Amino acid sequence: MPSAFSHAFVGAALGALFRRPGPPARFWLAGAACAAAPDLDVIGLWFGVPWGSMLGHRGLTHSLAFAVVLGGVVAALLFRAPEWRGRRLTVWLFLSLATASHGVLDAMNTAVTGIAFFAPFDNTRYFLPWRPIPVAPFAFRFFSARGFVVFQAELLMIWLPAAIVAGVAWAARASRERGR
């Protein structure tokens with residue numbers, strides 16, 4: 001799996017498709033948190049949930065259904081103020097996309113277990129055909145020599161493309177706004 005840092009960066013960067021840079025920080029932090037949240041499923045390992053179970057790692061929390069539900073819950077809880085009226089659907093879409101990005105990135109790495117994209121309806125695990133992202137060491141082992149090598153690969157294969165997408169989105173938005 002890519003590191004939590006890379007998942008969070010992609011989640012925040014996807015926000016550029018929906019909003020110009022700037023406050024509120026809650027918007028960007030919610031995207032980053034939603035993108036990292038699917039890996040909370042590792043807590044189940046401590047309680048004896050088997051790895052390949054639908055409730056196990058890379059199961060339900062990595063699914064598209066979970067992404068839609070989490071995006072909706074977070075949008076409803078954090079963006080209910082009047083200034084978000086008329087934009088909540090867009091926020092829900094952003095947060096759902098940020099959450100779904102987690103499974104997509106995990107399906108592009110060299111791990112042994114695929115992603116249950118269609119859970120809870122189907123527990124089949126999938127990978128994407130192109131899997132260039134090395135698996136990041138887990139937890140504090142990420143801060144090791146191997147973790148540094150993996151992070152360098154993530155900078156090139158995840159952070160750089162995400163930053164380019166964000167930059168292009170912001171430039172396009174600025175160009176449209178100048179043209180009005």
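Before reading further, recall that the structure is shown in the block above.
Quick caveat: nothing in here was measured; it's all calculated off a predicted structure.

Below, the discussion takes up the overall build of the protein chain. Check the secondary structure of the protein chain and you find 6 helices and 0 strands. The helix and strand sequence of the protein chain, counted from the amino end, reads α-α-α-α-α-α. In terms of principal-axis extent, the alpha carbons of the protein chain reach across some 55 × 35 × 30 Å. Relative to its 180 residues, the protein chain shows a buried fraction of 41%. Sequence separation of at least 24 residues holds for 64% of the intrachain contacts in the protein chain that already meet a minimum separation of 6. Total accessible area computed for the protein chain in this model is approximately 9700 Å², and 75% of it derives from carbon and sulfur atoms. Treating the 16 positive side-chain charges of the protein chain as one cloud and the 7 negative ones as another, the clouds have centres 9 Å apart.

A few words on helix α4 (residues 64-78). The end-to-end C-alpha distance of α4, which contains 15 residues, comes to 21 Å, matching closely the 21 Å that a straight helix rising 1.5 Å per residue would cover. On its buried face, α4 is in contact with α2 (25-36) and α5 (88-106).

What follows covers the nonpolar core. Of all hydrophobic cores here, the largest spans 26 residues; its most connected members are Val10, Phe27, Val74, Phe79, Val91, Phe94 and Leu95. Counting only elements with at least two residues in this core, the list comes to α1 (4-14), α2, α4, α5 and α6 (145-179). If near-sequence neighbours (up to four positions away) are discounted, Val74 is found in contact with Ala30, Cys34, Phe79 and Leu95.

Our next topic: the environment of Trp130. Counting through the fold element by element, Trp130 comes out in the loop between α5 and α6. Classification of Trp130 by relative accessible area gives exposed; the value is 59%. Taking the C-alpha atoms as reference points, Trp130 and Thr110, separated by 20 residues in sequence, lie 9.6 Å from one another.

Criteria and thresholds
Residues numbered from 1 in each chain as written. Predicted model: local features only at pLDDT ≥ 70, side-chain atom pairs only at ≥ 80, totals over all residues. Heavy atoms only, no water. Helix = DSSP H or I, 4+ residues; strand = E, 2+ residues; numbered from the N terminus. Buried < 20%, exposed > 50% of the residue type's maximum accessible area, 1.4 Å probe, protein only. Contact = heavy atoms within 4.5 Å. Areas by Shrake-Rupley, 256 points an atom, 1.4 Å probe, with all protein chains shown as cover. Lys, Arg positive; Asp, Glu negative; His and termini not counted. Charge placed at Lys NZ, Arg CZ, Asp CG, Glu CD. Expected span 1.5 Å × (residues − 1). Core = buried A, V, L, I, M, F, W, Y, C linked by side-chain atoms within 4.5 Å.

That is the geometry; function is a separate question.
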